[in-house]
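Structural features, examined
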Amino acid sequence: MLSFFKTRKDLPLIEASSEKIRAIYKKHQWQVFFGLVLGYAMFYVVRMALGVVKKPMLDAGIVTTAELGLMGSAFFFTYAFGKFSNGFLSDYANIGRFMSISLIASSFVCIFMGMSTASLFFILLWGINGWFQSVGSAPSCVSIFQWFSPKQRGTVYSIWGGSRNIGEAITWILTATIVSFFGWRAGFIGAGIAGIAAGIILLMILKDRPRTYGLPDPATAYGEESEAVKSSDPKETRRAQLFVLKQPTVWIIAAACAAMYISRYAISSWAVLYLQGSKGYSLIDAGFAMSTYPIAGFFGAILAGMASDKLFNANRHIPTLIYGIANIAGFALMFWGPQSRVMDAVALSMVGFAMGGLVVFLAGLTACDLMPKNAVGAVKGFIGLFAYIAASAQELVSASLIKVTQVGDITNYDFTTVQYFWIGSAIVSMILATLVWNAKKVTMD
């Protein structure tokens, strides 16, 4: 069973001209690129279903806000440790199989969510879903570093990073519409069916490492300066993984990412309820308003890699600071700016744009650029552990800080206190990120 998910043995290098090698590479690269973008987007469609159905489930008396907090916390807790362990496993795995089967399993769990009404069952299932969902990010990052050369990675990574926003946009528009017409169960079941279909496609197009196809590393294939080739020797991989865990830079970036994820998942988990409870939006209106967040995030993510490469000579720290300031400004505008739907859309777009770039930099690209390439999965997993423990704690803290009052048949949700927690986390993240301003690339002895 486990051998099915392991990376295969290296094949002898193909004896062909450099033009032929590049032609083969480009064909595989397009398949990998499409698979990673589609797959990561669909991971988000499955996981974000809960964010859409919260108010319908609350209105139907299926769950309470405290139980929703437990569900979110259970998801992020298992997700955090899953990111850590599965990040390490990704350095040894056949990414095509590992990522595809995990998406299919996550989708089945989502379908089961739509077939239950027991709150304890919801918490258990959503916690299990967190484990399968944790396979999405680190394997994608490992595959990008396996298949794309250093001069290609910045752009590919940022576009892939933007694919999460495609998944969120699909969720806020299509899933919200489905739920409005067919009820909360349809939100879970529809997302699950779509995820299974995507998982089958991924199984057919995602790839193992280039050497398992007899191809050289991408830097060699494209005539760029050679870098340390990902070794298939488990001992060397473990040595590199232990090495990155000792680097202070990785710890600081992980802490900055954790603080950023508190504000990020505050929006993803609670913004629809915030718009409905504090600003009087209907579910469909809130869904369409929220669609500006991931759409802007998509462009923020794409611009992040390109801008850091072209404008700042691969310096990730300057744009990270700019995105951090924009994130804080967007939160401030949403909470204390002029009260209009236009301003809400502008604020959500600012936060989304900033989050798109911050996730690219703090959740992987900056640290992976600085660390050995055969431990990319470990770097992503370690940062993910920090990030999602923080996201898990955010669910519980936010649920406790949102004040719920009942006036007759009307339930009111007060976000006055929790908004300071959210924007404060964004400020802490920006400050921590500046501490690695002068960090340099490290190499093993």
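Right above here is the structure, for reference.
Below you will find a few notes about this structure.

How each quantity is defined
Residues numbered from 1 in each chain as written. Predicted model: local features only at pLDDT ≥ 70, side-chain atom pairs only at ≥ 80, totals over all residues. Heavy atoms only, no water. Helix = DSSP H or I, 4+ residues; strand = E, 2+ residues; numbered from the N terminus. Rg over C-alpha atoms; globule rule 2.2 N^0.38 Å. Contact = heavy atoms within 4.5 Å. Areas by Shrake-Rupley, 256 points an atom, 1.4 Å probe, with all protein chains shown as cover. Buried < 20%, exposed > 50% of the residue type's maximum accessible area, 1.4 Å probe, protein only. Salt bridge = Lys/Arg side-chain N within 4 Å of Asp/Glu carboxyl O. Phe/Tyr/Trp six-rings, centres within 6.5 Å; stacked < 30°, edge-to-face > 60°. Lys NZ or Arg CZ within 6 Å of the ring centre and 35° of its normal. Axes fitted to C-alpha atoms, helices over the stretch in contact; angles between N-to-C directions. Parallel < 35°, antiparallel > 145°, perpendicular 65-115°, else oblique. Left-handed = near helix turned anticlockwise from the far one by under 90°. Nonpolar A, V, L, I, M, F, W, Y, C, P; charged D, E, K, R; others polar. Core = buried A, V, L, I, M, F, W, Y, C linked by side-chain atoms within 4.5 Å. Patch = residues over 30% accessible without salt bridge, like charges linked within 9 Å, V, L, I, M, F, W, Y side chains within 5 Å. Expected span 1.5 Å × (residues − 1).

Right, let's talk about the overall build of the protein for a bit. If you tally the helices and strands in the protein, you get 17 helices and two strands. For 445 residues, the compact-globule estimate of 2.2 N^0.38 gives 22 Å, and the C-alpha radius of gyration of the protein, at 21 Å, lies within 12% of that figure. If one aligns the C-alpha atoms of the protein with their principal axes, the spans along those axes are about 75 × 45 × 35 Å. For the protein, long-range pairs separated by at least 24 residues make up 84% of all intrachain contacts whose partners lie at least 6 apart in sequence. Looking at the protein as shown, the accessible area adds up to about 17,200 Å², and 69% of this sits on carbon and sulfur atoms.

Within helix α2 (residues 49-59), nine of the eleven residues are buried, which leaves it mostly tucked inside the rest of the structure. When α2 is considered as a whole, its buried residues turn out to be A49, L50, G51, V52, V53, K54, K55, M57 and L58. Note on α2: the residue one or two positions beyond its end, G61, has a positive phi of about 75°.

A few words on the pattern of salt bridges. Under the definition given, this model contains four salt bridges. Here K54 ties to E395 by a salt bridge, and the two come within 4.0 Å at their closest N and O atoms. Of this pair, K54 sits in helix α2 while E395 sits in helix α16 (residues 376-401), placing them 341 residues apart in sequence. Considered together, K54 and E395 belong to a single accessibility category, that of buried residues. A salt bridge links D285 to R341; the nearest nitrogen and oxygen atoms lie 3.4 Å apart. Of this pair, D285 sits in helix α12 (residues 283-290) while R341 sits in helix α15 (residues 341-370); the two residues are 56 residues apart in sequence, bridging distant segments of the chain.

Throughout the structure, instances matching the rule amount to 32 aromatic pairs. Here W126 and F188 contribute two aromatic rings whose centre-to-centre distance is 5.8 Å and whose plane-to-plane angle is 65°, an arrangement assigned as edge-to-face. Of this pair, W126 sits in helix α5 (residues 119-133) while F188 sits in helix α8 (residues 184-205), and the two are 62 residues apart along the sequence. Since its relative accessible area comes to 2%, W126 is described here as buried. Between F415 and W422, the ring centres sit 6.2 Å apart and the planes meet at 55°, which makes this aromatic pair tilted. On the basis of relative accessibility, which here comes to 2%, the residue F415 falls in the buried class. Take W422: its relative accessible area is 1%, and that puts it in the buried class. Chaining the aromatic ring pairs together yields one cluster made of F75, Y79, F122, W126, W184, F188, Y261, Y265 and Y388. We note R8 situated over the ring of Y213; from NZ or CZ to the ring centre the distance is 4.9 Å. The aromatic ring of Y261 is capped on one face by R264, whose charged end is 4.8 Å from the ring centroid.

Contact geometry for helix α3 (residues 65-90) and helix α6 (residues 137-147): axes closest at 8 Å, N-to-C directions at 25°. One way to sum up the angle between α3 and α6 is to call them roughly parallel. Viewed along their axes, α3 and α6 form a crossing whose handedness is right-handed. Contacts between α3 and α6 pair K83, G87 and S90 from the former with S137, A138, P139 and V142 from the latter. Class assignment of the residues belonging to the contact of α3 with α6 gives a composition of three nonpolar, three polar and one charged.

A few words now on the nonpolar core. Core analysis: the biggest nonpolar cluster contains 129 residues, and F188, Y261, M290, F331 and Y388 have the highest contact counts within it. Among the elements that make up this core, the one with the highest residue count is helix α11 (residues 248-279) (16 residues). The residues touching F188, leaving out its near neighbours within four places in the chain, are A49, L50, V53, M57, C110, I111, M113, G114 and W126.

Moving on, we come to the packing of helix α1 (residues 18-47) against α5. Between α1 and α5, the shortest axis-to-axis distance is 11 Å and the interhelical angle comes to 170°. By the angle between their axes, α1 is roughly antiparallel relative to α5. Seen from α1, the contacting residues are F43, V46 and R47; seen from α5, they are W126, N129, F132 and Q133. Residue composition of the contact of α1 with α5, by class: four nonpolar, two polar and one charged.

Right, let's get into the side chain of K54. Residue classification places K54 among the buried positions, given a relative accessible area of 3%. Those residues in contact with K54, other than ones at most four positions away along the chain, are L68, S269, W270 and E395.

What follows is about a nonpolar patch on the surface. A contiguous nonpolar patch, built from I178, F181, F182, I284 and F288 and spanning about 540 Å² of accessible area, is present on the exposed surface. Broken down by element, the nonpolar patch gets its largest block of residues, three residues, from helix α7 (residues 150-182). As for its placement among the helices and strands, F182 is situated in helix α7.

On to α8, then. The end-to-end C-alpha distance of α8 is 33 Å, a good match for the 32 Å that 22 residues give at a rise of 1.5 Å each. Tucked inside the fold, the buried residues of α8 contact α1, α2, α4 (95-113), α5 and α7.

Right, let's get into the environment of F98. Tracing the backbone through its elements, the reader meets F98 in helix α4. Along the sequence, F98 and L203 sit 105 residues apart, while their C-alpha atoms lie 9.0 Å from each other. When near neighbours in sequence (up to four residues on either side) are disregarded, F98 contacts F5, N86, L89, S90, A93, V135 and P139.

It is worth spelling out the environment of A138 at this point. Within the fold, A138 resides in helix α6. In this structure A138 comes out as buried when scored by relative accessible area, which is 1%. Considering only alpha carbons, one finds A138 and F331, 193 residues apart in sequence, at a separation of 28 Å. Contacts of A138, omitting those with residues within four sequence positions, involve G87, S90, G377 and K380.

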